[in-house]
Amino acid sequence: MNGILAPLVTGIAQGSMIALIALGYSMVYGVLKLINFAHSEIFMMGSFFGLFALQHFAGLNPVLATALAMILAMFGTSLLGITVERFAYRPLRGRGKSSLLRITPLVTALGASVFLQNLAQLLFTARQRPYPRLFAQTRPLIFATAVVVMIALELVVKRTWFGKAMRALSTNEEAARLMGIRTSRVIGITFAIGSSLAALGAILYCLDQGDAYPTMGVGIGTRAFVAAVLGGIGSIPGAMLGGLLLGVLGELVKFSGFEGSVDIPVFIVLIAVLLVRPAGLLGSTRAEKV
Amino acid sequence: MDSAKQADESKKGHEKPRSAKDRFGGAIFVVGSLLVALVAEFLLPRLIEDSSVRNILMTICCNAVVALSLNVINGMAGQFSIGHAGFMALGAYTAALIVSAMHTSFGGGTLPPTSFDHDYLVAFGHSFAIVPVALLAGALVAALFGLLVGLPSLRLRGDYLAIVTLGFAEILRLSVATTRLGNDETVGEAVHAIGGPNGFFGPVFHVGSVFLSSLGGKKGYSGPDGAGVPLYAGPFWVIFITALVALVAWRLKFSGWGRALRALREDEIASEAVGVDPTRYKVTSFVISAFGGGLAGALYAIMRDGNPVVQPDSFTFQTSFDAITMVIIGGSGSVTGAILGAVFVTVTVKLIELVQHADVVQNLSSSLEAHGFSLDLNALRMMIYAGVIIALMVLRPEGVFGEREPFFKKRMRTREGAPA
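None of these values were measured; they are calculated from a predicted model. (Residues numbered from 1 in each chain as written. Chains lettered and ligands numbered in written order. Predicted model: local features only at pLDDT ≥ 70, side-chain atom pairs only at ≥ 80, totals over all residues. Heavy atoms only, no water.)

Time to look at the confidence of the model for chain B. Residue and element names in this part refer to chain B. In the predicted model, chain B carries a mean pLDDT of 80, and 83% of its residues have values of at least 70. Predicted confidence is poor over residues 1-19, with pLDDT under 50, and the contacts of this stretch with residues over four places away or in other chains come to 23 contacts. Here residues 412-420 is modelled with pLDDT under 50, and outside its nearest four sequence neighbours on either side it reaches six contacts, counting other chains as well. For this predicted complex, the interface confidence reaches an ipTM of 0.83, while the overall pTM sits at 0.84. (pLDDT = per-residue confidence, 0-100. Contact = heavy atoms within 4.5 Å.)

Our focus in this paragraph is the interface of chain B and chain A. The interface of chain B with chain A comprises 52 residues on the first partner and 49 residues on the second. Where chain B abuts chain A, roughly 4,300 Å² becomes buried across the two surfaces, and 76% of that area is made up of carbon and sulfur atoms. A per-residue breakdown of the area chain B buries against chain A is headed by B:Phe80, B:Ile163 and B:Met383, which together make up 14% of the total. Across the contact surface, chain B and chain A share zero salt bridges. Taken together, the links from chain B to chain A amount to zero residue pairs in polar contact (both at pLDDT 80 or more). Where the side of chain B that touches chain A is concerned, the elements lending two or more residues are α3 (51-76), α6 (158-178), α7 (189-193), α10 (256-266), α13 (317-330) and α16 (377-395) of chain B. Partitioned by chemical class, the residues of the side of chain B that touches chain A number 29 nonpolar, 13 polar and ten charged. (Buried area = accessible area lost by both parts, 1.4 Å probe. Salt bridge = Lys/Arg side-chain N within 4 Å of Asp/Glu carboxyl O. Polar contact = N/O pair within 3.5 Å; in protein donor to acceptor, adjacent residues only side chain to side chain. Helix = DSSP H or I, 4+ residues; strand = E, 2+ residues; numbered from the N terminus. Nonpolar A, V, L, I, M, F, W, Y, C, P; charged D, E, K, R; others polar.)

As a further point, take the pattern of salt bridges. Applying the stated criterion across every chain yields a total of nine salt bridges over all chains. With a shortest N-O distance of 3.0 Å, A:Glu154 and A:Lys158 are connected by a salt bridge. Within this pair, A:Glu154 and its partner A:Lys158 are both found in helix α5 (residues 139-159), separated by four residues, close to a single helical turn. On the basis of relative accessible area, A:Lys158 is assigned to the partly exposed category, the value being 39%. One salt bridge in this structure joins B:Asp305 and B:Arg54, with 3.4 Å as the shortest N-O distance. With B:Asp305 in the loop between α12 (278-302) and α13 and B:Arg54 in helix α3, this pair connects stretches of sequence that are 251 residues apart. According to the relative accessible area criterion, B:Asp305 is partly exposed, its value standing at 22%. (Buried < 20%, exposed > 50% of the residue type's maximum accessible area, 1.4 Å probe, protein only.)

Pasting the structure below:
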């Protein structure tokens, strides 16, 4: 029984990071009903921004340097997220739902993802870049950050004017606009918040696991996406739950001595959940979506 | 371009307008392409000495099949599949296994070079027994998996099909690439714990994992003896199958079935009201698309002048994205558009491979790397494609040709004017 405790703790730590990234998928889906495929690449970009910032602040106190790097990376990815929204998603909005137009947002989302990944390939080369080892123990930092972020996000969504606007937009975009909500601005801010959470998750992930490289978004981003769908895409507690479940699942699979890739059981779980409960564990058609 | 290929294309161009009036247009097209393919089989190796150029021509044909099959689900049905590479992989591995087995039963040995001698003609004769079986088996296996994937996911909202197809393709690729046998020939301690090869569930896992690990993992499958998959499909097969697939795609589009599918895409509720069962039509179109994907993968695996090793890395997400690019650039729903998209994408991919290895680029690349950048032309190509696709979706969501069939204006008008 003792042997299984270590993978459980590791799994929960992994899961909290996955949950941070899953939140970005979930928030954008809640507002736009769009799978933001580019989110995993924003996560990847966030890890590079964080790396460059950490290299720049190498002489400082590790806690201060990490905090500064997080702020800078969050700022960078917010800008990136807003840019992606501006060029790939906004022009398509308000075009109606006829024929081919239904899949166009999916196509541009996919295009934005491929674009960013290859841009990183060109700018940063394909090699893996090691993160500095700043902390002996990263898990307390991960837990603390994840809990603080979850509570803060829940407060923002439930208690602020902006959160109310987001929920209104999620329920009915047309009606929200008629009620005087600046939908474009709310969507932009949603992208900014989601992207900055991805940067946060990226820095935590890299401090814990090591390297930054252009294709890292494919693996981690996909897992985060599966977590969001698993928990019920569009719901904040769902993303958290999905992330934790997936983190623990991944570690248990490794613990079982399975020789293949961890992504195989991850995708199998995803497909199984979609078949049995397409709205995810906590999601339902009537649930309040963010 | 070689004359055989041009002859093939001009023949199609002359035949099509007549076939609208002629009831036997399809038969004429089949016989015509059969003759062109037969001529190409014997003339192509003479006309084009360089096997890499022949490889480009054959790859164009394979990719045309890929684009035409993806066009059924992404273009005509208006669904969004992003895991077409998974079906290609299924077809490729199935065909490679069957061709290898049949080749051994026909006596084995290396395939003769493309000359007119006796050995070559014998091998060409054997290909009539081997290639249809391999292609059909590959396509059927892919279609079966298409049914398994499509049946549940097409009942859900459109995005879910995208996720499930992506997940499916990745599971397939990763299973083949990473399955290794550990102690007691099981894939893990957990499987070992439930009995290994002798337990209750064990045998199922055992057979599955032994089979998966026999496919060569990341290095790829290269025949039972590791000498490479015997490449039986010469220009005859590749050109003939591509022509057949093009004909079928064309006929599908203008059939009642194709019209029902397009009606469904435009308005699901309205078409349901007039008696089009959405799930049935969507699943059928998905299975047809998977069948075509499997066929393309099979053709790709056993095509002469191609790669004799079937590797999981040929079926990554990039392959699926390239297929989507072919369909979208040409115009979703257009048969000619899909073919032109396939030609465009294949030629640019191959050109970039050539340019990347040129000395100038290599020098420039190494000097850029000193500054921390990299000159990966393939990454640049993907970036440009992605940018073009986003711009296309914003400015012209229907693609370059939309649903029109360029070069076949007459037929389109008469057909669209006809009562449904």
